[in-house]
Amino acid sequence: MTDQSTTDESERGHAEAAFAVDDDAERCPYCGRPFASEHLHALHLGEEHPDALTEAEAERYAAADDRESDELFKFHIKVLAVLTLIAFVFLYSYTFVWT
Ligand SMILES: [Zn+2]
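Since this is a predicted model, take the numbers as computed values, not measurements.

Asker: I'd like to hear about the overall build of the protein chain, residue by residue, with values.
Answerer: Scanning the protein chain from N- to C-terminus turns up 3 helices and 2 strands. N-terminal to C-terminal, the α/β element order of the protein chain is α-β-β-α-α. Counting the 99 residues in the protein chain, one finds 5% classified as buried. For the protein chain, contacts bridging at least 24 residues in sequence account for 9% of all contacts bridging at least 6.

Next comes the structure, spelled out in structure tokens:
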């Protein structure tokens, strides 16, 4: 019983944390949406308000978009490595265990 109430309390705490917004969080000047980082703010401006961008905002968006592409590429490489590892584990276990 005590475990259950502890779980409920920690879940409630997590939900509150998920919606807590810092008062001094950076906000979009066009729609007021708050952002946790400058990177996310720059991406939002480029994706949601492309016609309203200033030159500096457009440069920040291009840099953020580049960084996003690089991070996505690294993520795809890691996924590929994990899938290859899983395939080899099945191949070896089939070769040495099941036959
Ligand atoms: Zn916005």
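The discussion continues.
Asker: How would you sum up helix α3 (residues 55–98)? Please name residues and give values.
Answerer: Since there are 3.6 residues in each turn of an α-helix, residues three or four apart along the chain are aligned in direction. For α3, which comprises 44 residues, the first-to-last C-alpha distance of 63 Å matches the rise-based estimate of 64 Å (1.5 Å per residue) to within 8%. In terms of burial, α3 is a largely surface element, 2 of the 44 residues being buried.

Asker: So what's going on with helix α2 (residues 38–48)? Residues and values would help.
Answerer: Here α2 has its buried residues at H41, A42 and L45. Burial along α2 is one-sided: seen end-on, the buried residues are contained in an arc of 100°. Residues of α2 that are exposed and point more than 90 degrees away from the buried face comprise E47 and E48. Next to the buried residues of α2 lie β1 (26–27), β2 (34–35) and α3.

Asker: Please provide a residue-by-residue account of the confidence of the model for the protein chain, values included.
Answerer: Mean pLDDT for the protein chain: 84, with 82% of residues reaching 70 or above. Predicted confidence in the protein chain is weakest over helix α1 (residues 2–19), with a mean pLDDT of 53, and strongest over α3, with 95. Across residues 1–7, confidence stays below pLDDT 50; counting only partners more than four residues off in sequence or on other chains, it has 0 contacts.

Asker: Could you give an account of the packing of α2 against α3, with specific residues and numbers?
Answerer: Following both chains from N to C, one finds α2 and α3 inclined at 110°, their axes separated by 8 Å at the closest point. Judged by the angle between their axes, α2 and α3 are roughly perpendicular. Between α2 and α3 the crossing geometry is left-handed. Counting all contacts with α2, which are made through H39, A42, L43, L45 and G46, the residues of α3 involved are E57, R60, Y61, A64, D65, R67 and E68. Class assignment for the residues of the contact of α2 with α3 results in 5 nonpolar, 2 polar and 5 charged.

Asker: I'd love a proper account of the environment of H44, names of residues and values included.
Answerer: Turning to its location among the elements, H44 is positioned in helix α2. The class for H44 is partly exposed, based on 17 C-beta atoms found within 10 Å. For H44 and A64, which are 20 residues apart along the polypeptide, the C-alpha to C-alpha distance reads 9.9 Å. With residues near it in sequence (within four places) discarded, H44 still touches C28, R33 and F35.

Calculation notes
- Residues numbered from 1 in each chain as written.
- Predicted model: local features only at pLDDT ≥ 70, side-chain atom pairs only at ≥ 80, totals over all residues.
- Helix = DSSP H or I, 4+ residues; strand = E, 2+ residues; numbered from the N terminus.
- Buried ≥ 20, exposed ≤ 12 C-beta atoms within 10 Å, placed from the backbone.
- Contact = placed C-beta atoms within 7 Å.
- Expected span 1.5 Å × (residues − 1).
- Arc of directions from axis to C-beta.
- pLDDT = per-residue confidence, 0-100.
- Axes fitted to C-alpha atoms, helices over the stretch in contact; angles between N-to-C directions.
- Parallel < 35°, antiparallel > 145°, perpendicular 65-115°, else oblique.
- Left-handed = near helix turned anticlockwise from the far one by under 90°.
- Nonpolar A, V, L, I, M, F, W, Y, C, P; charged D, E, K, R; others polar.

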